[in-house]
Amino acid sequence: MSDAIHPDPSDVESRRNWLKLTTAAGGVAAVATAIPFVSTLAPSERAKAQGAAVEVDIADLAPGAMKTVEWRGKPVWVVRRTPEMLAQLEGHDQLLADPASERPQQPLYAQNATRSAKPEVFLAVGICTHLGCSPSAVPAGSGNPSVEADWPGGYFCPCHGSTFDGAGRVYKNKPAPTNLEVPPHRYVSDTRILIGEDDAKA
């Protein structure tokens, strides 16, 4: 075998060079094995999809506007309702399948007429409770032929025609069996909301 691989122990200089080479090679091997190990410590995409709470800033959300964020792989609408939009939640309970939100599609603190912790801010999972399609917002007076002429504003699912009012409550005789889901959430501050976690779990 070559003396470069197995230097003569009596040769101090060769021995020193040999130690330097083996130390460097060992360091490279340690780094190479450490990188995959460290990457396994980071949350996987599946773990993120299954659970972590999501914080959303609503400071820039104008009255009447909607922001969509992702939580557990699902779109969550965050809507800042105007006084007019809140007024449009009244007067049509007889047309709704579950006007008092008796079915558990929302946390207890959102089991009210506005289905929200704060009336002016509405959160809902933007997935139709029929077959998982994506409804779209249809404001009052939009002239959309898919909704009634006296439509008070809300959401329309184009897949099978389900309609929901501005609090995500489903209308009677529609394919969707329940109101839209309101996710658990809590206010971290006046302008920041943590979706996926409420005060009971804080």
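The structure contained in this document is the topic of the report that follows. All values reported here derive from a predicted model rather than from experimental measurement.

Conventions and cut-offs
Positions within a chain are numbered from 1, following the residues in the order the chain's sequence is written. Totals for whole chains, interfaces and linings use all residues, but because this is a predicted model, local features are given only for residues with pLDDT of at least 70 and pairs of side-chain atoms are given and counted only at 80 or more. Calculated side-chain values reflect all of the structure's heavy atoms, with hydrogen atoms and water omitted. Each helix is a run of H or I in the DSSP string that is no shorter than four residues. Each strand is a run of E no shorter than two, and both are numbered from the N terminus. Contacts: residue pairs with any heavy atoms within 4.5 Å of one another. Pairing of N or O atoms within 3.5 Å defines a polar contact, subject to two protein rules: one partner must be a possible hydrogen donor and the other a possible acceptor, and residues neighboring in sequence count only if both atoms are side-chain atoms. As used here, the term nonpolar core means buried Ala, Val, Leu, Ile, Met, Phe, Trp, Tyr and Cys residues forming a set that is joined through side-chain atoms within 4.5 Å. Relative accessibility thresholds used throughout: buried, under 20% of the residue-type maximum; exposed, over 50%; partly exposed, between the two (1.4 Å probe, protein chains only). Throughout this description, the term salt bridge denotes a Lys or Arg side-chain nitrogen within 4 Å of a carboxyl oxygen of Asp or Glu.

### A word on the environment of R80
Consideration 1: With respect to the element layout, R80 can be found in strand β3 (residues 74–80).
Consideration 2: With 16 residues separating them along the chain, R80 and G64 place their C-alpha atoms 5.5 Å apart.
Consideration 3: If we skip the residues at most four places from it in the chain, R80 touches I58, L61, A62, P63, G64, A65, M85, E120 and V121.
Consideration 4: Of note is the side chain of R80, whose polar atom sits 2.5 Å from the backbone oxygen of L61.

### Topic: the nonpolar core
Note on soluble globular proteins: their nonpolar side chains tend to be buried together.
Consideration 1: Ranked by internal contacts, the top residues of the largest apolar core, which has 14 residues, are W77, F122, Y155, F164 and L180.
Consideration 2: Listed by contribution, the elements that provide at least two residues to this core are β3 and β4 (121–125).
Consideration 3: Counting residues in each nonpolar core, the second largest holds 13 residues, with L61, V125, Y187 and I195 among its members.

### Observations concerning the pattern of salt bridges
Consideration 1: In this structure the tally under the stated criterion is eight salt bridges.
Consideration 2: E181 is the partner of K74 in a salt bridge, and the nearest nitrogen-oxygen pair spans 3.7 Å. With K74 in strand β3 and E181 in the loop between β7 (163–165) and β8 (185–189), the pair connects residues that are 107 residues apart, well separated along the chain.
Consideration 3: Given the relative accessible area of 23%, K74 is considered partly exposed.
Consideration 4: The shortest N-O distance in the salt bridge between K118 and D190 comes to 3.9 Å. Here the residue K118 occupies a position in the loop between α3 (83–87) and β4, and D190 occupies one in the loop between β8 and β9 (192–195), the gap between them amounting to 72 residues.
Consideration 5: For K118, a relative accessible area of 25% translates into the label partly exposed.
Consideration 6: Accessibility expressed as a relative area gives 64% for D190, which makes it exposed.
Consideration 7: Connected through shared salt-bridge partners, E55, D57 and R192 make up one network.

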